[in-house]
Amino acid sequence: NPVTFTFGHFGTESYAYDVNNNLLDDAYFGDSTIGVIWQRNISTFNSSNNISTLLQLAGNYTTGTLPWDSAYYDVFTYNGSGQLITDSESTYDVLTPGWEPSDKYTYSYDGSGNMIFAQGWAWNSPGWQLKSSYTMTYYSGTHLLKTYEYDTYSPGALPAYIDSLG
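Residues numbered from 1 in each chain as written. Predicted model: local features only at pLDDT ≥ 70, side-chain atom pairs only at ≥ 80, totals over all residues. Heavy atoms only, no water.

Engineer: Where do I start with the pattern of salt bridges in this structure?
Structural biologist: Following the criterion strictly, the structure yields 2 salt bridges and no others. Between Asp25 and Arg40 there is a salt bridge, with its nearest N and O atoms 2.5 Å apart. Taken together, the residues Asp25 in strand β3 (residues 23-29) and Arg40 in strand β4 (residues 37-45) connect sequence positions 15 residues apart. Taking the shortest distance from any N to any O, the salt bridge between Asp103 and Lys131 comes out at 2.9 Å. (Salt bridge = Lys/Arg side-chain N within 4 Å of Asp/Glu carboxyl O. Helix = DSSP H or I, 4+ residues; strand = E, 2+ residues; numbered from the N terminus.)

Engineer: Got a minute to help me understand unusual backbone geometry in this structure?
Structural biologist: Apart from glycine, the bulk of residues carry a negative phi angle, and the bulk of peptide bonds sit in the trans form. Between Ser125 and Pro126 the backbone carries a cis peptide bond, its omega angle lying at 20°. Even without being glycine, Asn21 reaches a positive phi, approximately 65°. Mapped onto the elements, Asn21 comes out in the loop between β2 (11-17) and β3. Residue Asn49 is not a glycine yet carries a positive backbone phi of 65°. Within the secondary structure, Asn49 is located in the loop between β4 and β5 (51-58). Classification of Asn49 as partly exposed rests on a relative accessible area of 34%. (Buried < 20%, exposed > 50% of the residue type's maximum accessible area, 1.4 Å probe, protein only.)

Engineer: Would you mind going over a nonpolar patch on the surface with me for this structure?
Structural biologist: Together, Tyr73, Tyr92, Val94, Leu95 and Trp99 give the surface a local cluster of nonpolar side chains, amounting to about 520 Å² of exposed area. Its place among the elements puts Trp99 in strand β8 (residues 98-109). Judged by relative accessible area, Trp99 falls into the partly exposed class, the value being 41%. (Patch = residues over 30% accessible without salt bridge, like charges linked within 9 Å, V, L, I, M, F, W, Y side chains within 5 Å. Areas by Shrake-Rupley, 256 points an atom, 1.4 Å probe, with all protein chains shown as cover.)

Engineer: For this particular structure, what's the right way to read the side chain of Asp26?
Structural biologist: Residue position: Asp26 is located in strand β3. Lacking a salt bridge, the buried Asp26 has Arg40 as its closest oppositely charged neighbour, with an N-O distance of 8.0 Å. Setting aside residues up to four positions removed in sequence, Asp26 forms contacts with Ser14, Tyr15, Gln39, Arg40 and Asn41. (Lys, Arg positive; Asp, Glu negative; His and termini not counted. Contact = heavy atoms within 4.5 Å.)

Structure, rendered in structure tokens:
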């Protein structure tokens, strides 16, 4: 069911959900007197109600018409347990025109279902370049103890973050 909120002269936000309460479409409009769309997100979901795709469009502030100033397309994949294993993003190039890979993340889990490893990748034609890694450790089975972030662009790839319990 669509829901619309108006914020005075600033603009309007509109949301549409499916029967499972998944957010399918949300749009942010500029000045409500002219109806300029300046961002819109369109999502699809799999049979387990996990997000499968997300198309994000950013409108032209001046004209409110296509071509969009930017567009991103994310694809999410899951393992048999419903855990996210990849999240990849492409950017639309209006000059080519076409979709070009930009970023992706991959995820690994332990036998208890805890995320234990994640990697961030950047597209550097003709392939993917590792940009960051995350290692998570847990106590008492499922309580996050530490997260280490390794930035591969920094010499030595030292831990960038340790949570307060570590």
